[in-house]
Amino acid sequence: MTMRKTLLAIGLAIGLSPAAFADGEQFIPMTSYRVGPYAAGGTGVFGGFIDYINLINARDGGVGGVKLTYSECETEYKTDRAVECYERLKGEGPSGASMFNFVATGPVYALLERSVTDKIPLVSIGYGRADAADGRVFPYVFPLMTTYWSQNTAKIRFIGSREGGMDKLKGKKIVNLYHDSAYGKETLPILEAQAKKYGFSLVSIPVPAPGNEQQAQWLQIRRERPDWVILRGWGIMNPTAIQQAARVGFPRDHMVGVWWAGAEEDVIPAGDAAKGYIAAGLNPAGDQFPAVQQIKELLYKTGKGNMNDPARVGSIYYNRGIVHGVLNVEAIKVAQDKFGHRPLSGEEVRWGLEHLNLTHERLKELGVDGLLPPMKTSCLDHEGQAPVIFSQWDGRKWNVISEHVDTDQALVRPLVEESAAKYAAEKGIKPRDCSQEM
Amino acid sequence: MIYRESGQFKTSYRADQAIFPIPQDRYALFALLAFAFIAVPLGANDYWLGSILIPFLILSLAALGLNILTGYCGQLSLGSAAFMAVGAYAAYNFQLRLPELPLLLDFLLAGLVAAAVGIVFGVPSLRIKGFYLAVATLAAQFFIEWALTKFGWFSNHSASGVISPQPMTILGYTLTTQADKYLLVLGIVSVLALLAKNLVRSATGRAWMAVRDMDVAAEVIGIRILHTKLLAFAVSSFYCGVAGALWAFAYLGTVDAQAFDLNRSFQILFMVIIGGVGSILGSFLGAAFIVLLPILLNLLGHLFGGAVRQDVLSNLELITFGALIIFFLIVEPHGLARLWQITKEKLRLWPFPH
């Protein structure tokens, strides 16, 4: 670091010091993970998230005149450290923490009950408990955009469209190659339901964690001769699967990954073998969006950007961080419109999260149209039912190859409600009556 | 001066064999317990109780369990976290399927189930020793983690495999606040630590140490190796099992196999090594070092808040932590407990050393 950069950093420290809270500030805790096995994801998502918060402060002076502040706490992607961070940060700022985004499923489960007592929302964008989409039972959990279950139905629809219609799925064979963990097994019931509905045969093959050993699985896949392979992978499992697919000659453009298997970090290690590989996503890659351009202009040109490597601005993970920022800030804005332009408590922000309405026009205003799809939440639906997009790796970058593919809520929603009702019965929770909610 | 023992005469075997023969030690321990049981729950806030003290105490218990096996009986194990997982899942399933069981009995049974599993995985210790045994106990770690995610029965067929445990109720009173949970954990840890301290002073403990120091010689003087080693595995796994149940019920609030992965086993082993192999106090010191130091470093890092980039800071924390481990191991290879022992020796002579 040059002398000038150091001085600038110190200057920034005085300006942005998280300890120096004043009235009129809205606090967002950042439970990031920048070390450990998932650091590639953590640095990207939280880098984009923080950049977006800083953009809102630099460009608009905060939300409704209320400046946004944040404080980071390193979780190392470990649930116990995340719980510690939650307790440390929940009371910071003039009105407490607005909401928590752990970008990890473990803490969402661990803090499910505490967040209700503390009245602080848990936002899990694209991961976490699928049945928490039922806001009647889970008032403080927001699995925004798509849950794993919803995303999985979009994946089958995408495969159907590639085959030329959902009726063409009949008699086809799909292999579900999954990480043998709680995370990997989560979509098994929804896949089985769809196999029955559309008449394709499903072969589920587990890969023991961490997944760097897949020869036996791919030999089995070669024997099975499936039409499609769904890759529900994680970390090292993804590039390994792509390489093995190349070795047994399975076409990569018939492999569809979950969004944890669809970032630059998942395909670059596989080299040329990854060309043509397809992955589902919450957001496309690219820096052409106005908000990202403004971040480059206002933050990176003046050395205030959060990413160590500015080349990663616009990558999949980074843009997912922007999506986090947009949804968090929008929830605060919606809540401010109701409760007034002042620092809001977690309970008030919760109202905002429940009344998100991101239309194309609104997304255009924010400069993120195309980066995330239109969505709308309600008391009943904490997910927002955002559609999914599919991108293909061309060896250098991810290209969007599909329209927005809607999820199959007719299939998912009854399962969500059933699971949520079971949880409510176990815990003795009386579900809210949404017709009484404002 | 402080530790002057002149004038303290022991006139009976009973006094000579007391658990803490020096009154200063005894009073200090009573004061510490009184402080922990009365002053801490009154004075500390939820953050300290829930995020610092409860995990510290629970992992101390797990380290204590491993220390019995590794430190006293000389059997290296890398399966501690797996036995914790067994305890956590057993406690959950007992509560689920036999809800009329009282909570404390439930934890006791969870410990016993872990002990039974521990005995099974302890059987290879009769043939293999040292590092080879460590590799054999790795099998326990992988097998148990696999079995708990593979068979849905253990997690009551939960889709995600992460389950929330039942609320903790003792005699009709539901433990909800962090202070309640802290007192429960502290109570269990104190009782089990006292038991462990007495156990290692007893014939059983001496048999363990004899096996540790030279098992052939121990066998020659009439110690049953099979019995002794398996007992060590059972007791150790019992402690780990109870710690696992507490970790799930009193700290995390989820029963999740991933909370008990290989890294946790390493963490517990490091606590034993840093704290002091073959020392009850060392288990607590080691747990304090491994659990609390990273949090302290993270908090200290925030004093620089912004002057250093966050990603650099996060890595610096790990580097500092690693450097401190190396520093302490060089300064005192026998662990923090040994440092305390040396200090005590010096205090006994101070201010007039020979």
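Model, not experiment: these values are computed from the prediction.

**Student:** What should I look at first to understand the interface of chain B and chain A in this one?
**Tutor:** Every contact between the two is made by 35 residues of chain B and, on the other side, 38 residues of chain A. Surface buried jointly by chain B and chain A totals about 3200 Å² across both partners, of which 50% is contributed by carbon and sulfur atoms. Inspection of the chain B/chain A interface yields one salt bridge. A salt bridge links Arg264 of chain B to Asp80 of chain A; the shortest N-O distance between them is 3.4 Å. Where chain B packs against chain A, one counts nine residue pairs in polar contact (both at pLDDT 80 or more). Elements that contribute at least two residues to the side of chain B that touches chain A include exactly helix H3 (46–72), helix H6 (130–150), helix H10 (225–252), helix H12 (280–301) and helix H13 (310–331) of chain B. With six residues, H13 of chain B is the largest single contributor of residues to the side of chain B that touches chain A. Among the residues making up the side of chain B that touches chain A, the classes are represented as 13 nonpolar, 16 polar and six charged.

**Student:** Before we go on, may I ask you to explain the environment of Gly65 of chain A in this structure?
**Tutor:** All names here are of chain A. Of note, Gly65 is situated in the loop between helix H2 (39–60) and strand E2 (67–72). Taking relative accessible area as the criterion, Gly65 reaches 64% and is therefore assigned exposed. In the structure, Gly65 is positioned 26 residues away from Ala39 in sequence and 34 Å away in space, judged by C-alpha atoms.

**Student:** Looking at this structure, I do not really get the domain arrangement of chain A. What am I missing?
**Tutor:** Interface size is often expressed as the accessible area that is lost when the parts come together. Residues and elements named next belong to chain A. For chain A, the assigned domains are domain 1 (3–146 + 287–376) and domain 2 (148–281 + 390–411). Spacing between the C-alpha centres of domain 1 and domain 2 amounts to 30 Å. The interface is formed by 19 residues belonging to domain 1 together with 16 residues belonging to domain 2. Around 1500 Å² of area is buried between domain 1 and domain 2 when both sides are counted, 62% of it from carbon and sulfur atoms. Among the residues of domain 1 in contact with domain 2, Thr146, Ile316 and Tyr317 are the three that bury the most area, contributing 33% of the side total. Ionic pairing is found between Glu265 and Arg312, a salt bridge with its closest N-O pair at 3.2 Å.

**Student:** Can you help me understand the sheet that holds strand E9 (residues 278–281) of chain A in this one?
**Tutor:** Picture the strands of a sheet paired through backbone hydrogen bonds; they go either parallel or antiparallel. Residue and element names in this part refer to chain A. If you walk across this open sheet you meet the seven strands as E6-E5-E7-E8-E9-E12-E13, and the pairing is mixed. On the outer flanks of this sheet lie strand E6 (201–207) and strand E13 (398–400), each paired with one strand and no other. If you compare each strand with its neighbour and ignore which way they point, the axes differ by 25° on average. Inspection of the sheet shows strand E5 (residues 173–179) paired to E6 by seven bridges, in the parallel sense. Counted as the bridge partner of Lys173 is Ser201 from E6. Relative to strand E7 (residues 228–232), helix H6 (residues 148–163) is tilted by about 160°, and along the sheet it contacts E5, E7, strand E8 (255–257), E9 and strand E12 (389–393). Helix-sheet contacts for helix H8 (residues 188–198) involve E5, E6 and E7, and the interaxial angle to E6 is about 160°.

**Student:** How should I be thinking about the environment of Tyr109 of chain A in this particular structure?
**Tutor:** Its location among the elements puts Tyr109 of chain A in helix H4 (residues 105–110). Distance from Tyr109 of chain A to Glu84 of chain A, taken between C-alpha atoms, is 14 Å for residues 25 residues apart in sequence.

**Student:** So what exactly am I meant to see when it comes to unusual backbone geometry here?
**Tutor:** What you tend to see is this: most non-glycine residues have negative phi, and most peptide bonds are trans. Residue and element names in this part refer to chain A. If you check the backbone angles, Tyr77 has positive phi at about 60° while not being a glycine. Tracing the sequence through the fold places Tyr77 in the loop between E2 and helix H3 (79–89). Even without being a glycine, Val103 presents a positive backbone phi close to 50°. Assignment of secondary structure puts Val103 in the loop between H3 and H4.

Parameters and conventions
Residues numbered from 1 in each chain as written. Chains lettered and ligands numbered in written order. Predicted model: local features only at pLDDT ≥ 70, side-chain atom pairs only at ≥ 80, totals over all residues. Heavy atoms only, no water. Contact = heavy atoms within 4.5 Å. Buried area = accessible area lost by both parts, 1.4 Å probe. Salt bridge = Lys/Arg side-chain N within 4 Å of Asp/Glu carboxyl O. Polar contact = N/O pair within 3.5 Å; in protein donor to acceptor, adjacent residues only side chain to side chain. Helix = DSSP H or I, 4+ residues; strand = E, 2+ residues; numbered from the N terminus. Nonpolar A, V, L, I, M, F, W, Y, C, P; charged D, E, K, R; others polar. Buried < 20%, exposed > 50% of the residue type's maximum accessible area, 1.4 Å probe, protein only. Domains from an automatic or database assignment. Pairing = 2+ DSSP bridges. Axes fitted to C-alpha atoms, helices over the stretch in contact; angles between N-to-C directions.

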